[in-house]
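What the coordinates show
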Amino acid sequence: MLRTIESRRRWGTWALTGGLAPLALLWLAPLYLMAVFATLPDYAIFSPDLPLTPGGNLLENWTFLDDTANFGRAMLNSIGIAAVSTVLSLLLTSMAGYAFARFAFVGKQAAFSLLVASLTVPYAVLIVPQYVLVARDLDLSSTWIAVIVPPLCYSIGVLFMRQTFLSLPQELLDAARIDGAREGRIFFSIALPLVRPSLAALAIILFLASWNNYLWPLLVATQPGARTAPVALGSLIGLNVVPWGALMVGATLLTLPMIVVFIFLQRYFVAGITAGAVK
Amino acid sequence: MGTATRAGIQAPRTGGASASAQSDARGGWRRRRHALAPYWFLLPYFLVFAVFWCWPIIDSALLSLQNTRVNPWAWNLGINWRRLWVDRAFHAALGNTLIIMAIQVPVMLTLATALAVALNSPLLKLRPIYRFAFFAPVVVSDAAYSVVFRVLFNGQFGAVNHAFTALGLPTIDWLQDPNAMLSTVMVAMTWRWTGYNAIILLAGLQSIPRDLYEAAAIDGATPADRFFRITLPLLKPILVFCLVLSVIGTTQLFTEPWLITDRGGPGGGAETLGTYLYKQGFVSMNFGYAAAIAYTIAGMAAVLAALNLMLTRGKQA
């Protein structure tokens, strides 16, 4: 009896491995080939035999990428924009979430319903008027304000922070209030530090969203010096002779830092992604 | 709901008769300050929200009622909406979007469910490696993976055609042939988003109480019974959430067809509502027509989301 259970278990493990291992290899292949291609000259990428091992052309590819698409500058822009966006968005969403979780006030229900309803509206509806407003009416093209401010509308973040602040014990905040602390001080020096893990999860999701954003910067960061890295990468696709090796270097540079962060902070990613779904 | 704070907690620290009048005044001030506090906390977010969300929603509707191909723009209530009705290119883009939705979303969610169940199994060895393989695409930028898939699906020497040749299959012109183009986009999307959905579904699986399965095992239920009678029904709300999210995402699909198939492909074979909106709005600069397309996308997303919710709720009853 025991033996059959044991053998059935082993059979189950083998069946799972047999199904999952080839699929996992298939899933890793694009990332592996991206990294390999980044080190090859263009003729070697498209050769009659699929190249599976790295070559020695990485530096040449990078030089071409940086010369043609100003990619170094674009990476710096992306890092700066993502950092500023993340900090601002954390501040805005946590303040609003705190108000919804911790105060009773006139108009609360209406404001909250509006935020929830906004989640069902596709971003596509906003993009044309946002562009008309920012690029035409305000003439802010290629400024950091144009790239950073409109995407700060992130109602999921507000709902996430509201959920987080709901779990704080009321006595803690009341105690501070009795001591005469101002509301702003209570928020910044008591409430915020208590929800650090949630802030970290949200920060990762926000940074990633800004780092990966393609469409909005494509529209408003048009000057070559103002481009973000994804936009600079996409611009190479339009060249008459597409520099594939250089493109793969750019794709790798966009991907690798995030993968490293993902490996070390996986649980924060998972917390951020599942925030809306499982309650 | 939120634990509402009692409005205005007075804490006069000074005693005595002489201080009482002063403390009353201060208490009143403090009460008002406390009553205003939530609005101060909301103000920064709602300022951005009003300017970059509420106003665009209204402006988009207004734009769709204007002729933006003349200078200055002129009111013309029907021009854009009539054009939607007769524009063949728009209908093709709509058709492609619906095809992707009808094929890619169900395939991806089935795969994601299977993956989540497998990753949740206590029998699985080397779990961290599998988690990495399937979850890593979640952090990869649309632009980056799109150019990678463009290389892999190259019609002559792409990795996919190399694999097809090795397996004795005929090679396919993935980026030129209209049907193949759509498949390429769907494969790329599946690579990128299956792990994302599996993460959400896995969290759902982990919230199902273990004793349900133990009880079923004692009653002699087979693994298939357990999956269809316990796992699937309890996972349904989360599956619906993933479905609605994927459908809304697909209605506005842009980066993948734009970068993988060269701006929607030759002859518009991979033109989607997203790429068509971009071309009308930001290549032709016809904002009014683009706004009408955008509202069509929103309307479609709303109808499909409602339909999903209704159908899945109906089944439960």
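Residues numbered from 1 in each chain as written. Chains lettered and ligands numbered in written order. Predicted model: local features only at pLDDT ≥ 70, side-chain atom pairs only at ≥ 80, totals over all residues.

Things to note about the overall build of chain A
Broken down by element type, chain A carries 15 helices and zero strands. The C-alpha radius of gyration computed for chain A amounts to 24 Å, which surpasses the reference 19 Å derived for 279 residues by more than 25%, pointing to a less compact arrangement than a globule. Along the longest, intermediate and shortest principal axes, the C-alpha atoms of chain A span 75 × 75 × 35 Å. Buried positions account for 43% of the 279 residues belonging to chain A. In chain A, once contacts between residues fewer than 6 apart in sequence are set aside, the share between residues at least 24 apart is 73%. (Helix = DSSP H or I, 4+ residues; strand = E, 2+ residues; numbered from the N terminus. Rg over C-alpha atoms; globule rule 2.2 N^0.38 Å. Buried ≥ 20, exposed ≤ 12 C-beta atoms within 10 Å, placed from the backbone. Contact = placed C-beta atoms within 7 Å.)

A closer look at the confidence of the model for chain A
When pLDDT is averaged along chain A, the result is 92; 97% of the residues meet or exceed 70. Across chain A, element-level confidence peaks in helix α4 (residues 71-102) of chain A with a mean pLDDT of 97 and bottoms out in helix α9 (residues 170-178) of chain A with 85. (pLDDT = per-residue confidence, 0-100.)

Some words on unusual backbone geometry
Along the chain, Asn71(B) connects to Pro72(B) via a cis peptide bond; the corresponding omega equals -5°. Residue placement: Pro72(B) occurs in the loop between β1 (66-67) and β2 (74-75). Although it is not a glycine, Asp139(A) sits at a positive phi angle of roughly 55°. Tracing the backbone shows Asp139(A) in the loop between α6 (124-137) and α7 (144-148). With phi around 60°, Leu126(B) is a residue other than glycine that occupies positive phi space. Position of Leu126(B) relative to the elements: it lies in the loop between α3 (88-120) and α4 (127-135).

Some remarks on the interface of chain A and chain B
Contact with chain A, which involves 80 residues of that partner, is made by 79 residues of chain B. Here the side of chain A that touches chain B gets 14 residues from one element, more than from any other, and that element is helix α1 (residues 2-37) of chain A. Across the side of chain A that touches chain B, the residue classes break down as 61 nonpolar, 14 polar and five charged. (Nonpolar A, V, L, I, M, F, W, Y, C, P; charged D, E, K, R; others polar.)

A closer look at the packing of helix α15 (residues 266-274) of chain A against helix α7 (residues 178-206) of chain B
Contact geometry for α15(A) and α7(B): axes closest at 9 Å, N-to-C directions at 85°. With respect to α7(B), the element α15(A) is oriented roughly perpendicular. In contact with Val270(A), Ile273(A) and Thr274(A) of α15(A), α7(B) contributes Tyr196(B), Ile199(B), Ile200(B) and Ala203(B). Broken down by class, the residue content of the contact of α15(A) with α7(B) amounts to six nonpolar, one polar and no charged. (Axes fitted to C-alpha atoms, helices over the stretch in contact; angles between N-to-C directions. Parallel < 35°, antiparallel > 145°, perpendicular 65-115°, else oblique.)

Remarks on the environment of Phe135(B)
Residues and elements named next belong to chain B. Structurally, Phe135 can be placed in helix α4. A tally of 23 C-beta atoms within 10 Å means that Phe135 is categorised as buried. It is 23 Å that separates the C-alpha atoms of Phe135 and Pro257, two residues lying 122 residues apart in sequence. Setting aside chain neighbours within four positions, we find Phe135 in contact with Gly195 and Ile199.

Thoughts on helix α11 (residues 273-283) of chain B
Residue and element names in this part refer to chain B. Of all eleven residues in α11, nine are buried; the element is thus mostly enclosed. Looking at α11, one finds that the buried residues are Leu273, Gly274, Thr275, Tyr276, Leu277, Tyr278, Lys279, Gln280 and Gly281. Backbone geometry just downstream of α11 places Met285 in the positive-phi region, at approximately 55°.

A short note on the domain arrangement of chain B
Partitioning chain B into domains gives domain 1 (22-52) and domain 2 (86-316). A straight line from the C-alpha centre of domain 1 of chain B to that of domain 2 of chain B covers 44 Å. (Domains from an automatic or database assignment.)

Examining the domain arrangement of chain A
Looking at chain A, the domain boundaries give domain 1 (2-58) and domain 2 (74-245 + 253-274). Look at where the C-alpha atoms of domain 1 of chain A and domain 2 of chain A centre, and you get two points 34 Å apart.

Points about the environment of Gly234(A)
Checked against the element boundaries, Gly234(A) lands in helix α13 (residues 229-237). The exposure class assigned to Gly234(A) is buried, which follows from the 25 C-beta atoms found within 10 Å. Residues Gly234(A) and Gly250(A) lie 16 residues apart in sequence; the distance between their C-alpha atoms is 9.7 Å. Setting aside anything within four residues of it in sequence, one finds Gly234(A) in contact with Tyr214(A), Leu218(A), Ala143(B) and Leu259(B).

Some thoughts on helix α11 (residues 196-212) of chain A
Compared with the 24 Å implied by 1.5 Å per residue over 17 residues, the 24 Å span of α11(A) between its first and last C-alpha is a close match. Where α11(A) is concerned, the buried positions are Ser198(A), Ala201(A), Leu202(A), Ile204(A), Ile205(A), Leu206(A), Phe207(A), Leu208(A), Ser210(A), Trp211(A) and Asn212(A). Those residues of α11(A) that are buried lie in contact with α4, α8 (155-166), α13, α14 (244-264) and α15 of chain A together with α5 (142-152) of chain B. (Expected span 1.5 Å × (residues − 1).)

Some thoughts on the nonpolar core
All names here are of chain B. Ile293 and Ala294 are the most contacted members of the largest nonpolar core, which has 162 residues in total. When residues in this core are grouped by element, the largest group, 14 residues, is from α7. Beyond its immediate chain neighbours, meaning those up to four positions away, Ile293 contacts Phe90, Leu273, Tyr276, Leu277 and Gln280. (Core = buried A, V, L, I, M, F, W, Y, C linked by C-beta atoms within 7 Å.)

A closer look at the environment of Leu232(B)
Residues and elements named next belong to chain B. On the secondary structure map, Leu232 appears in helix α9 (residues 223-251). Taking the C-beta count within 10 Å as the criterion, Leu232 has 13 such neighbours and is therefore assigned partly exposed. Measuring from C-alpha to C-alpha, the distance between Leu232 and Gly299 comes to 30 Å, with 67 residues separating the pair along the chain.

A word on the confidence of the model for chain B
Residue and element names in this part refer to chain B. When pLDDT is averaged along chain B, the result is 87, and 88% of the positions lie at 70 or above. Of the regions scoring below 50 in pLDDT, residues 1-27 engages in 27 contacts with residues more than four places distant in sequence or in other chains. Here the complex is predicted with pTM 0.89, and the ipTM for its interfaces comes to 0.92.

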